[in-house]
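Residues per chain, in single letters:
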Amino acid sequence: MSYQGTKINPTKFHRSQLKFYTILIPLAMFMMLPIIFIVFHAFKPVNELFAFPPRFLVHQPTLDNFRDLLGFAGDSGIPFSRYVFNSVIITLSVMFLSVFMSALAAYALSKMKFKLRAAIFETNTVALMFVPIAVQIPRFLVIDESGIMDTYLAHILPLLSMPIGLFLMKQFIDQVPDELKEAAVMDGAGEFLVFRKVMLPVIKPALATVAILSFQLVWNNIETSSYYVNDESLKTISFFMSTLVSQNGNNVAGQGMSAAASLLMFLPNLIIFIFLQSKVMNTMAHSGLK
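The structure presented is a predicted model; accordingly, all values stated were derived computationally and were not measured.

In terms of regular secondary structure, the protein is built from 16 helices and 0 strands. The 290 residues of the protein split such that 37% are buried. Summing over all exposed atoms, the protein offers an accessible surface of approximately 17,000 Å²; the carbon and sulfur share of this is 68%.

Okay, structure coming up:
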């Protein structure tokens, strides 16, 4: 029993673990404070939203902020469901395509031999240093010249490239023994069959991690709706949420709707991370990011 409490990952509780709980539990509670504030803030009535000093917890919870949000979306001429539909379609498309493209490119860079392989990966690593605003003008020119302004492609194509996704995938696939591929090739499998049948099942943690990153990138993105789309019916929920106060003209009501919108935008990110967080930790452990 004493051994269970002294090894690195004990299977049962032991009093020797108490010193870790005394540090980790207060730290975890401190890290949860912003999440708790976002939840309570969305249910505050107007008098509590503007109370001074500000209140952390809500004393008289109300759903008026959410009712005002749905009502304002309907009054604007575009149903709230339309913004949600656009965001869901765009997010799912980018998630699937970016994960597939990152996995395919990472497999080629990790397990296939060809010229300029190292140079291509170094180029991807350099791309990690550039913030999106640095390439905003050339990206706008490319989209404009391509004739895809005011289409769903204007939302999807600019977000498909994920240097961090390719980096994580490549580092994870590097840990997969080459013998797995060699055994499949000896059995007559081609490169794509090896990728689909051998590599994809092994790199599921990395796939989940890139899916989370791409979801957060697309779900919270407002640049594509701002720069590449003029048709209001094609814009996303994140763009609509970001313009609540300015469009409403009433700062008081706008603050309540913004609080409700912040919660609605935050919940999908929280839910998807809760279900896939173990995969994320596994990916980070195998990619050298410890």
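With that out of the way, let us pick up the side chain of threonine 91. Here threonine 91 lies in helix H5 (residues 80-111). Relative accessible area serves as the criterion here: at 3%, threonine 91 is assigned to the buried category. A polar atom in the side chain of threonine 91 sits 2.6 Å from the backbone oxygen of serine 87. Contacts of threonine 91, omitting those with residues within four sequence positions, involve Phe215, Val218 and Trp219.

Its place among the elements puts asparagine 269 in helix H16 (residues 251-286). A relative accessible area of 10% places asparagine 269 in the buried class. In contact with asparagine 269, not counting residues within four places along its chain, are Phe215, Gln216, Trp219 and Asn220.

Among the nonpolar cores identified, the biggest contains 45 residues, and Leu69, Met169, Ile203, Ile237, Phe240 and Met241 are the most heavily contacted of them. When residues of this core are traced back to their parent elements, those giving at least two are helix H4 (64-75), H5, helix H9 (163-174), helix H11 (191-202), helix H12 (204-219), helix H14 (237-242) and H16. The greatest single-element share of this core, amounting to 8 residues, is contributed by H5. Ignoring any residue separated from it by four or fewer positions in sequence, one finds methionine 241 in contact with Leu69, Phe80, Ala261, Leu264 and Met265.

With that settled, consider H12. Taking 1.5 Å as the rise per residue, H12 with 16 residues should run 22 Å; its terminal C-alpha atoms sit 22 Å apart, in good agreement. Within H12, 12 of the 16 residues are buried, which leaves it mostly tucked inside the rest of the structure.

Turning to the packing of aromatic side chains, a few remarks are in order. Per the stated rule, a full pass over the model turns up 11 aromatic pairs. Between phenylalanine 37 and phenylalanine 56, the aromatic rings sit 5.7 Å apart at their centres with planes inclined by 40 degrees, giving tilted as the arrangement. Taken as a pair, phenylalanine 37 in helix H2 (residues 18-42) and phenylalanine 56 in the loop between helix H3 (46-49) and H4 lie far apart in primary sequence, 19 residues in all. By relative accessible area, phenylalanine 56 is classed as partly exposed at 36%. Here phenylalanine 215 and tryptophan 219 contribute two aromatic rings whose centre-to-centre distance is 5.7 Å and whose plane-to-plane angle is 10 degrees, an arrangement assigned as stacked. Of this pair, phenylalanine 215 and tryptophan 219 both sit in helix H12, separated by 4 residues, roughly a single helical turn.

Take the environment of glycine 77 next. Relative to the helices and strands, glycine 77 resides in the loop between H4 and H5. Exposure remark for glycine 77: the relative accessible area of 57% places this residue in the exposed category. Taking the C-alpha atoms as reference points, glycine 77 and serine 233, 156 residues apart in sequence, are found 9.2 Å from one another.

The rules we used
- Each chain carries its own residue numbering, running from 1 in the direction its sequence is written.
- With the structure being a predicted model, the display of local features is reserved for residues of pLDDT at least 70 and the display and counting of side-chain atom pairs for 80 or more, all residues being used for whole-chain, interface and lining totals.
- Values shown for side chains rest on all heavy atoms present in the structure; no hydrogens or waters enter the calculation.
- Helix and strand assignments come from DSSP, with helices taken as H or I runs of at least 4 residues and strands as E runs of at least 2, each series counted from the N terminus.
- Residue exposure (1.4 Å probe, protein chains only): buried if accessible area is under 20% of the type maximum, exposed if over 50%, otherwise partly exposed.
- Under the convention used here, a 1.4 Å probe and the Shrake-Rupley method define accessible areas, while residue burial counts only the protein chains that appear.
- Side-chain atoms alone can form a polar contact between residues adjacent in sequence; in general such a contact is a pair of N or O atoms within 3.5 Å, and within protein one must be able to donate a hydrogen while the other accepts it.
- The contact definition used throughout considers only heavy atoms, calling two residues in contact when any of these lie within 4.5 Å.
- Working definition of a nonpolar core: buried Ala, Val, Leu, Ile, Met, Phe, Trp, Tyr and Cys residues. They are joined through side-chain atoms within 4.5 Å.
- What a helix should span is 1.5 Å times the count of its residues minus one.
- Stacked, edge-to-face and tilted labels apply to pairs of Phe, Tyr and Trp rings (six-membered ring for Trp) whose centres lie within 6.5 Å, assigned for plane angles under 30 degrees, over 60, and everything in between, in that order.

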